[in-house]
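Tertiary structure, described
Here is what each chain is made of, one letter per residue.
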Amino acid sequence: MGFNCGIVGLPNVGKSTLFNALTATAAAQAANFPFCTIEPNVGRVALPDARLDMIAKLGGSAKIVPTQLEFVDIAGLVKGASKGEGLGNQFLANIRETDAIIHVLRCFDDPNIIHVMGSVDPVRDAEIVETELMLADMDSVERQIKTVEKKAKSGEKEAKIQLGLLEKVKVALEAGKPARTVEVADDEKKLFKMMALMSSKPVLYVLNVTEDDAATGNEWTKKAEEMAKAQGAGSVIITASIESEIAQLGTEEEKKEFLETIGLTEPGLNKIIREGYKLLGLQTYFTVGPKEARAWTVRKGAKGPEAAGVIHTDFERGYIRAEVIAYDDFVALGGEQQAKDAGKMRQEGKEYLVHDGDIMLFRFNV
């Protein structure tokens, strides 16, 4: 089940430094000039989840397997990218393939690091990138309308729905609103996703500050947070250079000590990973046994068979039922057998809606 977040922003805002920290590698070259990242780099990172450690401990599991999220480091966009400026077309194509956008905004001043716009203004920078995505989407929508119109005129039912949706999106884009602001009916959702519009993707703003502002933020982050709130988007304050340093430390104890010295309780990366997961509408369920305790990713609103299918398609195809224990019951009672003895293990059928933190065992027959 592949879910990924594309890391975007103007050049020199800290994208590649952030990506390197996220993956604890130096795969993406972080240099002080635009377009240092020519090809998108992809890294998979574990979702920080203390529940998994607790489940493994109570279950006596020999191995712990966390769930993962994929991040794609995409080279810096510039004004005019939708018309091919910089390496525009290539970058836009890379964004199109992601599920959500992590938009890094520079909220610090440093005379040694060039700002392509000549000054620091995160709200302006966000608008530049958003505008380029919307302009590229407008071109795409206009092309799609031409294609679909002929089919709609011939009376094809799905084409009529698609045309109506495209026209709704076009009106929003012309008004300067991203595609994600368009209300999409249930029968339009699949078609909307197939349109692959960049401004339809959910956004998390990552506000990159200096070490002095890591704990409290600054005037720039306040403005950026207000903008994010107005859009219904999330925001996280981090210092990319600090995150890079933390990623290089060997032990959890060293990381904890380092964080304490700068007044932080956890790495900013943990917040980004969790927020990215939430942004994608995902949740976690667990399986546990002597061999391993494992976290699995499933979308919110998934039913039992879909969750089983994440492990193997045969589990979904031959799904009979799921034996489910809520995480809180599992921990409070001290493990699977104790929860079972206390009547806290439930038998759930095909219509069961999976909850975040469920501990599940699937029964199936193929």
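Residues numbered from 1 in each chain as written. Predicted model: local features only at pLDDT ≥ 70, side-chain atom pairs only at ≥ 80, totals over all residues. Heavy atoms only, no water.

Regarding the overall build of the chain
Helix and strand content of the chain: 14 helices and 12 strands. Here the C-alpha radius of gyration of the chain, 23 Å, is about what a compact globule of 366 residues would show, namely 21 Å. Taken along its principal axes, the extent of the C-alpha atoms in the chain is 65 × 65 × 35 Å. The long-range share in the chain, meaning contacts at least 24 apart out of those at least 6 apart in sequence, stands at 68%. Surface exposure of the chain reaches about 17,900 Å², of which carbon and sulfur atoms provide 50%. Distance between charge centres in the chain, computed from 45 positive and 55 negative side chains, equals 7 Å. (Helix = DSSP H or I, 4+ residues; strand = E, 2+ residues; numbered from the N terminus. Rg over C-alpha atoms; globule rule 2.2 N^0.38 Å. Contact = heavy atoms within 4.5 Å. Areas by Shrake-Rupley, 256 points an atom, 1.4 Å probe, with all protein chains shown as cover. Lys, Arg positive; Asp, Glu negative; His and termini not counted. Charge placed at Lys NZ, Arg CZ, Asp CG, Glu CD.)

Quick word on the packing of aromatic side chains
The full count for this structure, using the stated rule, is 3 aromatic pairs. Taken together, a centroid distance of 5.8 Å and an interplanar angle of 90 degrees make the contact between Y285 and F362 edge-to-face. With Y285 in strand β8 (residues 282–288) and F362 in strand β12 (residues 359–364), the pair connects residues that are 77 residues apart, well separated along the chain. (Phe/Tyr/Trp six-rings, centres within 6.5 Å; stacked < 30°, edge-to-face > 60°.)

Focus: the nonpolar core
If you look at the biggest cluster of nonpolar residues, it comprises 49 residues, and the most contacted ones within it are L18, F71 and I272. Apart from residues no more than four positions distant in its own chain, I272 is found in contact with L18, F71, I102, L204, V206, V236 and I238. Core analysis: the next-biggest nonpolar cluster, separate from the first, contains 19 residues, M138, V148, A179 and L191 among them. (Core = buried A, V, L, I, M, F, W, Y, C linked by side-chain atoms within 4.5 Å. Buried < 20%, exposed > 50% of the residue type's maximum accessible area, 1.4 Å probe, protein only.)

Focus: helix α11 (residues 304–311)
Among all positions in α11, only G304, P305, A307, A308 and G309 are buried. In this structure, the buried side of α11 is in contact with β8, β9 (292–299), α12 (313–317), β10 (319–325) and β12.

Things to note about the pattern of salt bridges
This model, assessed by the stated rule, comprises 17 salt bridges. Ionic pairing is found between D125 and R124, a salt bridge with its closest N-O pair at 2.9 Å. Ionic pairing is found between E174 and K170, a salt bridge with its closest N-O pair at 4.0 Å. With a gap of 4 residues between them, E174 and K170 both fall in helix α5 (residues 157–174), about one helical turn apart. (Salt bridge = Lys/Arg side-chain N within 4 Å of Asp/Glu carboxyl O.)

Thoughts on the confidence of the model for the chain
Per-residue pLDDT for the chain averages 87, and the proportion of residues at 70 or more is 90%. The model gives residues 25–38 a pLDDT under 50, and that stretch makes 39 contacts with residues more than four places away or in other chains. (pLDDT = per-residue confidence, 0-100.)

Some points on the pairing of β10
Summarising burial for β10: 5 of the 7 residues are buried, a large majority. Sheet topology places β10 next to strand β11 (residues 346–348); 3 bridges connect them, and they run antiparallel. Along β11, the bridge assignment pairs V324 with R346. (Pairing = 2+ DSSP bridges.)

Observations regarding the side chain of T284
With respect to the helices, strands and loops of the structure, T284 is situated in strand β8. Setting aside anything within four residues of it in sequence, one finds T284 in contact with L47, D49, R51, T67, Y277, A295, W296, H355, D356, G357 and D358.

Looking at the sheet that holds strand β5 (residues 100–106)
With respect to topology, 6 strands assemble into an open sheet ordered β2-β4-β1-β5-β6-β7, the strand pairing being mixed. Each edge of the sheet is formed by a strand with only one pairing partner; in this case those strands are β2 (41–46) and β7 (234–238). Between one strand axis and the next, the sheet turns through 25 degrees on average, direction left out of account. Here β5 runs beside strand β6 (residues 203–208); their pairing, made up of 6 bridges, is parallel. Bridged to I102 within β6 is L204. The strands that helix α1 (residues 15–23) touches are β1 (4–8), β2, β4 (68–73), β5, β6 and β7; relative to β2, the one it contacts most, it runs at about 45 degrees. (Axes fitted to C-alpha atoms, helices over the stretch in contact; angles between N-to-C directions.)

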